[in-house]
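Architecture and fold: a report
Residue strings, one per chain:
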Amino acid sequence: MPVSRDIGMHVEVADPDEKIVLSRTYAAEGRFTFTSHTAGEHVICLNSNSSAWFNAGQLRVHLDISVGEHAVDYQQVQAKDKLTELQLRVRQLLDQVEQITKEQNYQRYREERFRQTSESTNQRVLWWSIAQTLILLITGFWQMQHLKSFFEAKKLV
């Protein structure tokens with residue numbers, strides 16, 4: 001597919017607090033990385049910078065997202081910091097331990113949220129059943145009173 005030189009892409013990344021982490025326009029080809037200091041759901045918005053509606057060439061987007069330790073290119077880290085193989089392996093292991101710790105903390109958070117949701121649902125079900133029972137008792141009492149007064153008025157009792 002021929003690549004058009006006048007078409008590109010505007011990339012905008014927002015963190016969970018809706019703060020812009022990255023906002024940049026790329027030409028026909030580009031690559032971007034970003035580091036966020038806020039955990040949570042990030043929004044990545046890709047917009048074509050072409051203003052033509054028709055005859056605007058084609059745009060192919062390949063999106064490969066790497067998160068955590070998998071996003072680090074350890075060969076570049078080794079060259080940049082001049083690390084030995086052993087030091088590089090230790091750094092990889094430390095990153096893996098950090099990633100495992102983050103995953104455990106996230107699972108604890110999810111478990112806590114699930115427990116809160118379960119307890120809230122359980123409490124609502126309890127109050128709903130109490131309300132239903134009260135309504136049933138009140139309705140039954142009212143019906144008994146109504147029927148009693150009906151039969152007394154008809155002089156059947």
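Per an unreviewed UniProt entry, the chain carries the name Transmembrane emp24 domain-containing protein eca-like and comes from Plakobranchus ocellatus. Recorded under Sequence similarities (unreviewed entry), the UniProt text for the chain is reproduced unchanged: "Belongs to the EMP24/GP25L family."

1. Re the pattern of salt bridges
The tally for this structure, following the rule as stated, stands at two salt bridges. A salt bridge links Arg91 to Asp81; the shortest N-O distance between them is 2.8 Å. Within this pair, whereas Arg91 is found in helix H2 (residues 85-153), its partner Asp81 is found in helix H1 (residues 74-81), the two being separated by 10 residues in sequence. Glu98 is paired through a salt bridge with Lys102; the nearest N and O atoms lie 3.6 Å apart. Linking Glu98 with Lys102, this pair stays in helix H2, spanning four residues, or about one helical turn. Exposure remark for Glu98: the relative accessible area of 43% places this residue in the partly exposed category.

2. Observations concerning a nonpolar patch on the surface
A surface patch of nonpolar side chains, amounting to about 700 Å² of accessible area, comprises Val21, Phe34, Ile44, Leu46, Leu59, Val61, Leu63, Ile65 and Val67. Its location among the elements puts Phe34 in the loop between strand E2 (20-26) and strand E3 (43-48).

3. Description of the confidence of the model for the chain
Averaged over every residue, the pLDDT of the chain is 85; residues scoring 70 or more account for 88%. The spread of mean pLDDT over the elements of the chain runs between H1, the lowest at 82, and H2, the highest at 94.

4. Considerations on the side chain of Gln78
Looking at the element boundaries, Gln78 is found in helix H1. The exposure class of Gln78 is buried, given its relative accessible area of 14%.

5. Regarding unusual backbone geometry
Residues other than glycine seldom take positive phi values, yet Glu18 does so here, at roughly 65 degrees. Phi at Lys82 takes a positive value of approximately 55 degrees, unusual for a residue other than glycine. Judged by relative accessible area, which is 71%, Lys82 ranks as exposed.

Rules behind the numbers
- Residues numbered from 1 in each chain as written.
- Predicted model: local features only at pLDDT ≥ 70, side-chain atom pairs only at ≥ 80, totals over all residues.
- Heavy atoms only, no water.
- UniProt positions renumbered as here; feature names shortened; annotations may be inferred.
- Salt bridge = Lys/Arg side-chain N within 4 Å of Asp/Glu carboxyl O.
- Helix = DSSP H or I, 4+ residues; strand = E, 2+ residues; numbered from the N terminus.
- Buried < 20%, exposed > 50% of the residue type's maximum accessible area, 1.4 Å probe, protein only.
- Patch = residues over 30% accessible without salt bridge, like charges linked within 9 Å, V, L, I, M, F, W, Y side chains within 5 Å.
- Areas by Shrake-Rupley, 256 points an atom, 1.4 Å probe, with all protein chains shown as cover.
- pLDDT = per-residue confidence, 0-100.

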